[in-house]
Amino acid sequence: MEKTSYPPLSPLTTGIAGRCPRCGRGRLFAGYLKVAEKCGSCGLSFAFADSGDGASWFVMLFVSVVGVGAMLGIEVAYAPPYWVHGLIAIPLLLGLPLALLRPVKGVLLAQQWRTGARPGELER
């Protein structure tokens, strides 16, 4: 891992943009959530990339709090019929996770590269 010839980049900005955590130019993803094999610009191998369920857990936690909070706030403020809750809740609870999952996964992978995090191994 050659970090000396590249300036330090923020994992937040490169992750949200879906760019290589080392050079900031190449694409991190080959699909919606599929991580590319390597950076097309600097050649960094993304074999280290393993965010596990971290991104989905953070997104699920955030969306659950926002979704329930929004529904409770609307109910207390306006007391609308149930179909109005459905019109608001369904797009909110389906759209937010789809919009947030890729950037959050990108940030976690960029942070993993920056800190050099690796899977734990037992000494034998």
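Note that the structure is predicted; figures quoted are calculated from it, not measured. (Residues numbered from 1 in each chain as written. Predicted model: local features only at pLDDT ≥ 70, side-chain atom pairs only at ≥ 80, totals over all residues. Heavy atoms only, no water.)

Novice: Before we go on, may I ask you to explain the nonpolar core in this structure?
Specialist: Soluble globular proteins: nonpolar side chains tend toward being buried together. C20, C39, C42, L44 and F46 are the most contacted members of the largest nonpolar core, which totals 13 residues. In contact with L44, other than residues within four places in its own chain, are C20, P21, R22, E37, K38, C39 and W113. (Core = buried A, V, L, I, M, F, W, Y, C linked by side-chain atoms within 4.5 Å. Buried < 20%, exposed > 50% of the residue type's maximum accessible area, 1.4 Å probe, protein only. Contact = heavy atoms within 4.5 Å.)

Novice: So what exactly am I meant to see when it comes to the environment of C23 here?
Specialist: Its place among the elements puts C23 in the loop between α1 (11–17) and α2 (54–78). Of the residues examined, C23 reaches a relative accessible area of 10% and is grouped as buried. Taking the C-alpha atoms as reference points, C23 and E123, 100 residues apart in sequence, are found 34 Å from one another. Sequence-distant contacts of C23, defined by excluding residues within four places in its chain, comprise Y6, L9, C39, S41 and C42. (Helix = DSSP H or I, 4+ residues; strand = E, 2+ residues; numbered from the N terminus.)

Novice: What should I look at first to understand unusual backbone geometry in this one?
Specialist: Both trends apply: most residues other than glycine have a negative phi, and most peptide bonds are in trans. Positive phi outside glycine occurs at A79, with the angle close to 50 degrees. Position of A79 relative to the elements: it lies in the loop between α2 and α3 (82–115). Take A79: its relative accessible area is 52%, and that puts it in the exposed class.

Novice: What should I look at first to understand a nonpolar patch on the surface in this one?
Specialist: Residues W57, F58, M60, L61 and V65 make up a contiguous nonpolar surface patch of about 530 Å² in total accessible area. Note that V65 resides in helix α2. The class for V65 is exposed, based on a relative accessible area of 56%. (Patch = residues over 30% accessible without salt bridge, like charges linked within 9 Å, V, L, I, M, F, W, Y side chains within 5 Å. Areas by Shrake-Rupley, 256 points an atom, 1.4 Å probe, with all protein chains shown as cover. Salt bridge = Lys/Arg side-chain N within 4 Å of Asp/Glu carboxyl O.)

Novice: Explanation requested: the packing of α2 against α3 in the structure shown.
Specialist: Two quantities define a packed helix pair, namely the angle between the axes and the distance from one axis to the other. Orientation of α2 relative to α3, taken along the N-to-C sense of each, is 155 degrees, at an axis distance of 8 Å. For the element pair α2 / α3, the angle class is roughly antiparallel. Where α2 crosses over α3, the handedness of that crossing is right-handed. The class makeup of the residues in the contact of α2 with α3 is 19 nonpolar, four polar and two charged. (Axes fitted to C-alpha atoms, helices over the stretch in contact; angles between N-to-C directions. Parallel < 35°, antiparallel > 145°, perpendicular 65-115°, else oblique. Left-handed = near helix turned anticlockwise from the far one by under 90°. Nonpolar A, V, L, I, M, F, W, Y, C, P; charged D, E, K, R; others polar.)

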